[in-house]
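Here is what each chain is made of, one letter per residue.
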Amino acid sequence: MIYPSEIQKLIDFFSHFPGIGPKAAQRFVFYLLRVEKEKRVNLAKAIKDLEKIKSCSLCRNFSDQDPCPLCRDPRRDPSLLLLVARPQDLMALEKSGQYQGLYYLLTKASQGTESNNFIENISQGLIGRLKEDQRIKELIFGFDLNVKGEGMALYLTNLINKDFSLKKRIKLSQMARGLPLGAEIEYADDLTLAAALQNRKSL
Ligand SMILES: [Zn+2]
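Residues numbered from 1 in each chain as written. Predicted model: local features only at pLDDT ≥ 70, side-chain atom pairs only at ≥ 80, totals over all residues.

Novice: Even after reading the chapter, I still don't get the overall build of the protein chain, so can you show me in this structure?
Specialist: Check the secondary structure of the protein chain and you find nine helices and seven strands. Dimensions along the principal axes, computed over C-alpha positions, put the protein chain at roughly 65 × 35 × 35 Å. In the protein chain, which comprises 203 residues, the proportion classed as buried is 22%. Across the protein chain, contacts joining residues at least 24 apart in sequence account for 55% of those joining residues at least 6 apart. (Helix = DSSP H or I, 4+ residues; strand = E, 2+ residues; numbered from the N terminus. Buried ≥ 20, exposed ≤ 12 C-beta atoms within 10 Å, placed from the backbone. Contact = placed C-beta atoms within 7 Å.)

Novice: I would appreciate a short explanation of helix H5 (residues 87-95) in the present structure.
Specialist: Helical geometry note: an α-helix holds 3.6 residues per turn, so side chains three or four residues apart project in the same direction. The complete set of buried residues in H5 reads Pro87, Asp89, Leu90, Ala92 and Leu93. As for H5, its buried residues are in contact with strand S2 (62-63), strand S3 (77-84), strand S4 (101-105) and helix H9 (190-198). At the exit of H5 stands glycine 97, carrying a positive phi of roughly 70°.

Novice: What exactly am I supposed to notice about the pairing of strand S5 (residues 138-141) here?
Specialist: Taken residue by residue, a regular strand's side chains alternate between the two faces of the sheet. One ladder, built from four bridges, connects S3 with S5; its direction is parallel. Bridge pairing in S5 places leucine 80 opposite glutamate 138. As defined by bridge partners, S5 adjoins strand S6 (residues 171-174) across four bridges and the pair is classed as parallel. Bridging from a neighbouring strand, isoleucine 140 pairs with serine 173 of S6. (Pairing = 2+ DSSP bridges.)

Novice: Any chance you could explain the packing of helix H1 (residues 5-15) against helix H2 (residues 22-34) here in plain terms?
Specialist: Two packed helices can be described by the angle between their axes and the distance between those axes. In the contact formed by H1 and H2, the axes pass within 8 Å of each other and the chain directions differ by 130°. Put simply, H1 runs oblique to H2. The element H1 and its partner H2 pack so that their crossing is right-handed. Here Ile7, Leu10, Ile11, Phe14 and Ser15 of H1 come into contact with H2, specifically with Pro22, Ala25, Gln26, Phe28 and Val29. By residue class, the composition of the contact of H1 with H2 is eight nonpolar, two polar and no charged. (Axes fitted to C-alpha atoms, helices over the stretch in contact; angles between N-to-C directions. Parallel < 35°, antiparallel > 145°, perpendicular 65-115°, else oblique. Left-handed = near helix turned anticlockwise from the far one by under 90°. Nonpolar A, V, L, I, M, F, W, Y, C, P; charged D, E, K, R; others polar.)

Novice: When you look at the pairing of S4 in this model, what are you seeing that I'm missing?
Specialist: Counting buried residues along S4, four of its five residues qualify, which places the element largely inside the surrounding structure. Direction of pairing for S3 relative to S4: parallel, over a ladder of five bridges. When the sheet's bridge partners are listed, leucine 81 is paired in S4 with leucine 102. This β-α-β element, S3 to H5 to S4, shows right-handed connectivity. (Right-handed = clockwise from strand over helix to strand, strands pointing away.)

Novice: Quick question: what am I supposed to make of the nonpolar core here?
Specialist: Counting residues in each nonpolar core, the largest one holds 33 residues, and the members touching the most others are Cys59, Leu81, Leu82, Leu83, Val84, Leu93 and Tyr103. The set of elements that each furnish at least two residues to this core consists of S3, H5, S4, S5 and H9. Among all residues touching leucine 82, those that are not within four sequence positions of it are Leu93, Tyr99, Gly101, Tyr103, Ile140 and Gly142. (Core = buried A, V, L, I, M, F, W, Y, C linked by C-beta atoms within 7 Å.)

This is the structure:
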């Protein structure tokens, strides 16, 4: 059976969601057809309102303000910069309540005009931020403890050590014991994350 294009378009759209296949996408659309019109209108509005969300120019996390409330908070320690791969990791670490410094996201939470060249973005974004903000004295790698996370930490260590002024000023450290090997930060519990932050090791 061929669906009307209005339905098929939405099924295709939902199929691209992470972890959602065509079957689940179909169920979403059939559900939307069944609910009251008001709910559909509210959903459409909520999606449209996402246009107001931008990337913070300092930490690159999503926010409706720039700089975001976290970056503007005078109680945060500006000498610490914790580098994370995903917004979910930032949220998990923040929820642990153990970290009082600032953050930097490797990939912008909300995509704008950023180039797709990841390495280019890193050198322009992170290195620029480290050079501009002389208050930063320690950069903490908050990556997953897997091959990808380790590789990223190694790449960035080399990049920073190549720049003499950055190497002299900025201490590099890595979240350590507490997190099991292969652990994903997003799914770690608060206590584990707290231990990993407190026991971070110098690089
Ligand atoms: Zn921010």
